[in-house]
Amino acid sequence: MVVEAMTRVKTEQGKYPIKNVNIVKCHGQSVQESKLINGYILEGARAAQGMPLAVKDCKIACVDFNLSKAKMQMGVQILIKDPAELERVRQKELDITKQRCMRILESGANVILSSKGIDDFALKYFVEKGCIAIRRVSKGDMKRIAEAAGATVVLSMVDVEGEEKFDTAWLGAAEQCREERVGDFDYMFIEGFRNTRAQTILIRGANEYMTHEIERSVHDALCVVKRVLESKTVVAGGGSVECALSVYLDEYARNLGAREQLAIAEFAEALLVIPKTLAINATLDATDLLAKLRVFHHAAQNSEEEKKKEYRYAGMDLVNGKIRNSLKAGVLEPGISKTKSLK
């Protein structure tokens, strides 16, 4: 699931941005029920029940302003002498918001995301046009959706001349937007974006503690897969690389006649800290296991036999407490991670 998510978000430059993979946690059911969604999931429901549950060929408008009754700015006062004028002022405040809603709808938008509030009287216009409106979307989610759909987050509809308009170029596109109930909550699924292939991993678990732990594990897995796909190289894991380098440097240090020998020998010894720590964390006899591993790598580097050359992939099996071929066992690490850690 993680590998599929990362391969789908590949950019034209050959990069795999982790930010394009959204992780949503929902407690309930087992971990096996977790799934990958080809799109983005918003935690929230439609703003009104009269709106459709699903819309296809979405034109997404992202607005970062209130669609509620217009109010005068701080310090602005309206002096009314005739009480009859008071109702006209109130009606004008409602008309300003109505005009904003109609301009958004006239641009062709059928999915409206607002980071702020939408009044009930404004929702009426969206319901009549068969649109989906979602209010109080977090700015982080809106920015991601706008980037993926090719939309522009609109802060104000006022142009240079002081008139309000909503340009069709500000709209984003997606194949489908639908509401679905997952567990105890309603979520909005926006699928098939125009610009990037945003992915969402929906994590299920028995309780919140479990979903938090799974989220951390999934994020670690995403980072590992990203490094492997970008570097295109892998090395044997289980302490294999560190032990092989240690054995090689130890042999190399013996051939030097100067004081550099001591520095290289110390560095070779320091490299064994990583496989030693792995063994200790698995509650195994680190000294015994490390000695066996060194024998395998010494044989691989000093023998001409094909069988013994395969020992260069030898690593620790921490489950059974023995040495095995890490390459055949599928225990691999990104090559770039090893290079950077050694530097």
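Below or above, wherever it landed, is the structure these notes cover. Each chain carries its own residue numbering, running from 1 in the direction its sequence is written. It should be noted that, the model being predicted, local features are given only for residues of pLDDT at least 70 and side-chain atom pairs only at 80 or more, the latter also being counted only at that level, while totals for whole chains, interfaces and linings use all residues. Each side-chain value is derived from all of the structure's non-hydrogen atoms; neither hydrogens nor water enter the calculation.

### With respect to the pattern of salt bridges
Cut-off, in case you're wondering: By definition here, a salt bridge exists when the distance from a side-chain nitrogen of Lys or Arg to a carboxyl oxygen of Asp or Glu is within 4 Å. In this text, helices come from DSSP runs of H or I with a minimum length of four residues, and strands from runs of E with a minimum of two, each type numbered from the N-terminal end. In this scheme, a residue with accessible area under 20% of its type's maximum is buried, one over 50% is exposed, and one in between is partly exposed, where area comes from a 1.4 Å probe on protein chains only.
In the structure shown here, the tally under the stated rule is 20 salt bridges. A salt bridge links Glu147 to Lys19; the shortest N-O distance between them is 3.6 Å. Of this pair, Glu147 sits in helix H4 (residues 139–149) while Lys19 sits in the loop between helix H1 (2–8) and strand E1 (21–27), and the two are 128 residues apart along the sequence. Relative accessible area serves as the criterion here: at 43%, Glu147 is assigned to the partly exposed category. The residue Glu164 makes a salt bridge to Arg100 at a minimum N-O spacing of 3.1 Å. Linking Glu164 in the loop between strand E7 (153–154) and strand E8 (172–182) with Arg100 in helix H2 (residues 84–106), this pair joins segments that are 64 residues apart in sequence. The class for Arg100 is partly exposed, based on a relative accessible area of 21%. Members of the salt-bridge network, linked through shared partners, are Arg100, Arg103 and Glu164.

### Overview of the packing of aromatic side chains
Heads up, the rule is: For Phe, Tyr and Trp, rings pair up if their centres lie within 6.5 Å, where Trp contributes its six-membered ring, and each pair is then called stacked (planes under 30 degrees apart), edge-to-face (over 60) or tilted (otherwise).
Evaluated as defined, the whole model comprises two aromatic pairs. Arranged with centres 5.4 Å apart and planes meeting at 85°, the rings of Phe166 and Trp170 form a pair that is edge-to-face. When the centroid spacing of 4.9 Å and the interplanar angle of 75° are considered together, the rings of Phe296 and Tyr311 count as edge-to-face. Of the two residues, Phe296 is situated in helix H9 (residues 286–302) and Tyr311 in the loop between helix H10 (306–309) and strand E12 (314–317); the sequence distance between them amounts to 15 residues.

### Regarding H4
Heads up, the condition is: Arc definition: it is the arc formed by the directions from the helix axis to the C-beta atoms. Note on contacts: a residue pair qualifies if any of its non-hydrogen atoms lie within 4.5 Å across the two residues.
What H4 keeps buried is the set Met142, Ile145, Ala146, Ala148 and Ala149. With its buried residues spanning 165° around the axis, H4 presents them on a single face. Exposed side of H4, more than 90 degrees from the buried face: Lys139 and Lys143 are the residues found there. Looking at the packing, one finds that the buried side of H4 touches strand E3 (39–43), strand E4 (54–63), strand E5 (111–114), E7, E8 and strand E9 (185–193).

### Notes on the pairing of strand E13 (residues 322–325)
Where a strand is regular, its side chains alternate between the two sheet faces. Convention followed: A pair of strands is labelled paired if DSSP reports no fewer than 2 bridges between them.
Relative to E13, E12 runs antiparallel, the two sharing four bridges. Across the sheet, the residue bridging to Met316 is Ile323, located in E13. Where E12 hands over to E13, the hairpin turn is made up of four residues, of which Gly321 adopts a positive phi near 70°.

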